[in-house]
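# Residue-level structure breakdown
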Amino acid sequence: MNKLIVLLLLVGVNICCYAQGSVDKRQDKLITQLLSQQVNQQISLEKSVSAILARYPEQVDSVIHASLALYPERYKEILAGAMRAEPVLACEVLEILLKENIADPLELVALAVEAEPAYAQEIVNIAMLYSPDNTEAIVHVAINTEPLLSDSVVQNSLSSFPNKVLEILSGAIKALPEQVSLFVNDAINLFPTRGEEVVEMAVNNSTDTEARKIVASAIEAGLHEGSAIEAAIAGGTTKELLAKEH
C-alpha cells in the first residue's frame, strides 16, 4: 500500500511538472509572437520590450530570453527597454544578460548604469558577484559612466566586498584621480586596520602632487602620522616630496 501511495505521488508530481512546462512554453511562444508582431509593425524593439514588461513584469526572464533569441545583436535596445519599463528590475535584467554572455560584461555594466543610475550600487554588486576577477574594471567603468555617484558606489562596494578593498579603490582612483583623498578616507574609516595598505596603494596609483593629500586624509581618518608617511614612501613617494607639499 505504501509503495502504491509513493507511486501515485510521483505520477502526480510528474504531471504537475509537465503541465507547468507546457504553460511556460506557451508563455514563451506568446511573448515571441508579440515581439515579432510589434517589430514587424515598425515599433522599435526597445519600446516593444518595454511595453510587454510594463504589462507583465513577472515575465522578465521570458521576455529577455525571447528578445535575445530573436535579436541577439540588439542587446542594447533590449536592456534599455527592460529597464525603462521597470527600473527595479535593473539587476535582474543585467544578471540575465551576463549569464547569456551576449556581450562584454564591462559594456553591459556601463549600459545598465547609464540606463538606470539610481541602481548603480546594486548593478556594480551584481557584476562583481558574476565576475569577481574584474572588480577593478567594473568599479572603474561604473564611476566613469556616472561620476556623481562615485562616493556611494565606492562605499557600498567596500562594505559589500571587504576582501576586494584594494581593487575597488584602484578602480575608483583611476576613474576619478582628483578624488583619491576622499576614497582613501572612506576606506580607512571602514577598515582602520588596513590603513597602511590603502595609503601605499593610493600613492602608487596617483601623481606625486597627490601624495601629501593622501597622507593628510589618512591621518584625518585615524591612521598614525608616522605609519601614513611610511606607507606613502612604500607607495613610491619620498620624504622630500612630502615635505615640499606642506
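Residues numbered from 1 in each chain as written. Predicted model: local features only at pLDDT ≥ 70, side-chain atom pairs only at ≥ 80, totals over all residues. Heavy atoms only, no water.

### Digging into the packing of aromatic side chains
Selection rule: In summary, the pairing rule links any two rings of Phe, Tyr or Trp, Trp by its six-membered ring, whose centres are within 6.5 Å, and it sorts them by plane angle into stacked for under 30 degrees, edge-to-face for over 60 and tilted for everything else. Each ring is checked for a lysine NZ or an arginine CZ that lies within 6 Å of its centre and within 35 degrees of its normal; such an atom marks a charge sitting over the ring.
Throughout the structure, instances matching the rule amount to zero aromatic pairs. The ring of Tyr71 has Arg74 sitting right over it, with the charged end atom 5.2 Å from the ring centre.

### Quick look at the environment of Ala211
To keep it simple, the criterion reads: Strands are runs of DSSP state E lasting at least 2 residues, helices are runs of H or I lasting at least 4, and numbering of each runs from the N terminus. Each residue's exposure class comes from its accessible area (1.4 Å probe, protein chains only) as a fraction of the maximum for that residue type: buried when under 20%, exposed when over 50%, partly exposed otherwise.
Structurally, Ala211 is set in helix H13 (residues 211-220). On the accessibility criterion, Ala211 (1% relative accessible area) is buried. Residues Ala211 and Leu242, spaced 31 residues apart in sequence, show a C-alpha to C-alpha distance of 6.8 Å.

### Digging into the pattern of salt bridges
Here is the rule: Whenever a carboxyl oxygen of Asp or Glu lies within 4 Å of a side-chain nitrogen of Lys or Arg, that contact is scored as a salt bridge.
Considering all chains together, one arrives at six salt bridges under this definition. One salt bridge in this structure joins Lys99 and Glu95, with 3.5 Å as the shortest N-O distance. Of this pair, Lys99 and Glu95 both sit in helix H5 (residues 90-100), separated by four residues, roughly a single helical turn. On the basis of relative accessibility, which here comes to 59%, the residue Lys99 falls in the exposed class. Of the charged contacts in the structure, one is a salt bridge between Glu136 and Lys174, with a shortest N-O distance of 2.6 Å. Within this pair, whereas Glu136 is found in helix H8 (residues 135-145), its partner Lys174 is found in helix H10 (residues 165-175), the two being separated by 38 residues in sequence. On the accessibility criterion, Glu136 (27% relative accessible area) is partly exposed.

### Notes on helix H11 (residues 180-190)
Convention followed: The criterion used for residue contact is that any of the two residues' heavy atoms lie within 4.5 Å.
Along H11, eight of the eleven residues are buried, which leaves the element largely enclosed by surrounding structure. If you check which residues of H11 are buried, you get Val180, Ser181, Phe183, Val184, Asn185, Asp186, Ala187 and Ile188. In the core, the buried residues of H11 are packed alongside helix H9 (150-160), H10, helix H12 (195-204) and H13.

### Remarks on the packing of helix H4 (residues 75-85) against H5
Heads up, the rule is: For helices, the fitted line uses only the C-alpha atoms of the stretch in contact; every axis is such a line through C-alpha atoms, and the angle between N-to-C directions lies from 0 to 180 degrees. Each angle receives one of four descriptions, namely roughly parallel if under 35 degrees, roughly antiparallel if over 145, roughly perpendicular if within 65 to 115, and oblique otherwise. Crossings are sorted by hand: turned counterclockwise from the far helix by less than a right angle, the near helix makes the crossing left-handed, and turned clockwise it makes it right-handed.
At a minimum axis distance of 9 Å, the contact between H4 and H5 shows a crossing angle of 160 degrees. With respect to H5, the axis of H4 lies roughly antiparallel. The crossing of H4 and H5 is right-handed. Here H4 contributes Leu79, Ala82 and Met83 to the contact with H5, which in turn contributes Ala90, Val93 and Leu97.

### Regarding the confidence of the model for the protein chain
Note the following rule: Each residue carries a pLDDT score, the predictor's confidence in it, ranging from 0 to 100.
Across the protein chain, the average pLDDT comes to 88, with 89% of residues at or above 70. The low-confidence segment residues 2-21, where pLDDT is below 50, has zero contacts with residues more than four positions distant or belonging to other chains.

### Let's talk about the environment of Lys164
We count it as follows: Pairing of N or O atoms within 3.5 Å defines a polar contact, subject to two protein rules: one partner must be a possible hydrogen donor and the other a possible acceptor, and residues neighboring in sequence count only if both atoms are side-chain atoms.
Along the chain, Lys164 falls in the loop between H9 and H10. Put simply, Lys164 and Pro132 are 32 residues apart on the chain and 8.7 Å apart in space, counted from C-alpha to C-alpha. For Lys164, the residues in contact, after removing those within four places along its chain, are Pro132 and Thr135. Separated by 3.3 Å, the side chain of Lys164 and the backbone oxygen of Pro132 make a polar contact.

### Regarding the packing of helix H3 (residues 60-70) against H5
As a reminder, the rule being used: Note that Gly is not counted as nonpolar here; it falls among the polar residues with everything else outside the nonpolar set of Ala, Val, Leu, Ile, Met, Phe, Trp, Tyr, Cys and Pro and the charged set of Asp, Glu, Lys and Arg.
Packing of H3 against H5 brings their axes to within 10 Å, and their N-to-C directions diverge by 40 degrees. Between H3 and H5, the interaxial angle falls into the category oblique. Taken as a pair, H3 and H5 cross one another with a handedness that is right-handed. Every residue of H5 that contacts H3 at Val60, Asp61, Ile64, His65 and Leu68 is listed here: Glu92, Val93, Ile96, Leu97 and Glu100. When grouped by side-chain class, the residues that make up the contact of H3 with H5 number six nonpolar, one polar and three charged.

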